[in-house]
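The residues making up each chain are set out below.
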Amino acid sequence: MVKVRWHRTASCCRLEHRTYNRRLERTSEKISRLDLLRFLERVQERDLARTRQWIADEEQRQAEIAARQAPPPPPDWIVEQGIGAGRRIVAVHQGWCRMSGKRTQPITQDEALRLLGEDPERACQQCRPDTELGVL
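Residues numbered from 1 in each chain as written. Predicted model: local features only at pLDDT ≥ 70, side-chain atom pairs only at ≥ 80, totals over all residues. Heavy atoms only, no water.

## Quick notes on the pattern of salt bridges
Next up, step 1: A full pass over the atoms with the stated rule returns seven salt bridges.
Next up, step 2: Arg114 is the salt-bridge partner of Glu111, the closest N and O atoms lying 4.0 Å from each other. You can see Glu111 and its partner Arg114 sitting in helix 3 (residues 109–118), three residues apart, about one turn around the helix.
Next up, step 3: A residue is classified by how much of its surface remains accessible, and Glu111, at 32% relative accessible area, is partly exposed.
Next up, step 4: Given the relative accessible area of 44%, Arg114 is considered partly exposed.
Next up, step 5: Residue Glu118 pairs with Arg122 through a salt bridge whose shortest N-O separation is 3.6 Å.
Next up, step 6: The class of Arg122 is buried, set by a relative accessible area of 18%.
Next up, step 7: Ionic contacts of the salt-bridge type, sharing partners, join the residues Glu111, Arg114, Glu118 and Arg122 into one network. (Salt bridge = Lys/Arg side-chain N within 4 Å of Asp/Glu carboxyl O. Helix = DSSP H or I, 4+ residues; strand = E, 2+ residues; numbered from the N terminus. Buried < 20%, exposed > 50% of the residue type's maximum accessible area, 1.4 Å probe, protein only.)

Here it is as structure tokens:
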């Protein structure tokens, strides 16, 4: 049993901690520093697991929000580029064309007109951007 003495001061009462401090010293002598560090490690691992769960929950929430939003509309005109360092232009497509490859970039209508004016063979044979633009 811990004996506690109260001392009256001018403004408040305070607890004298002598007996409590002695008991704590005896208890901490029984627990090794290594045990304390292992305890700290377990606490931090639990906190890290909780933080990772929060991150996963937030990522899932953001993915659900993104899935609810409509994808942006396709550009009006795209240009398909070839493989290699030069990245020459292979074809000009309308933005909705599914025949375009993965190496595409959006372009403006003026740029599409210029590219088709330089080489009419660049027009996609499926979506026919030259017909849409009036280039014959």
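## A closer look at the sheet that holds strand 3 (residues 77–81)
Next up, step 1: Spatially, three strands are ordered 4-3-5 in an open sheet, and the strand pairing comes out antiparallel. Each having just a single partner strand, strand 4 (89–94) and strand 5 (104–107) make up the two edges of the open sheet. On average, each strand axis in the sheet is tilted by 30° relative to the strand beside it, whichever way the strands run.
Next up, step 2: As paired strands, strand 3 and strand 4 are joined by five bridges and run antiparallel to one another. Directly across from Gln81, in strand 4, lies its bridge partner Ile89. (Pairing = 2+ DSSP bridges. Axes fitted to C-alpha atoms, helices over the stretch in contact; angles between N-to-C directions.)

## Focus: the confidence of the model for the protein chain
Next up, step 1: When pLDDT is averaged across the protein chain, the result is 81; 76% of the residues are at 70 or more.
Next up, step 2: Taken element by element, the predicted model of the protein chain shows its lowest mean pLDDT in strand 2 (residues 13–15) (49) and its highest in helix 2 (residues 33–68) (95). (pLDDT = per-residue confidence, 0-100.)

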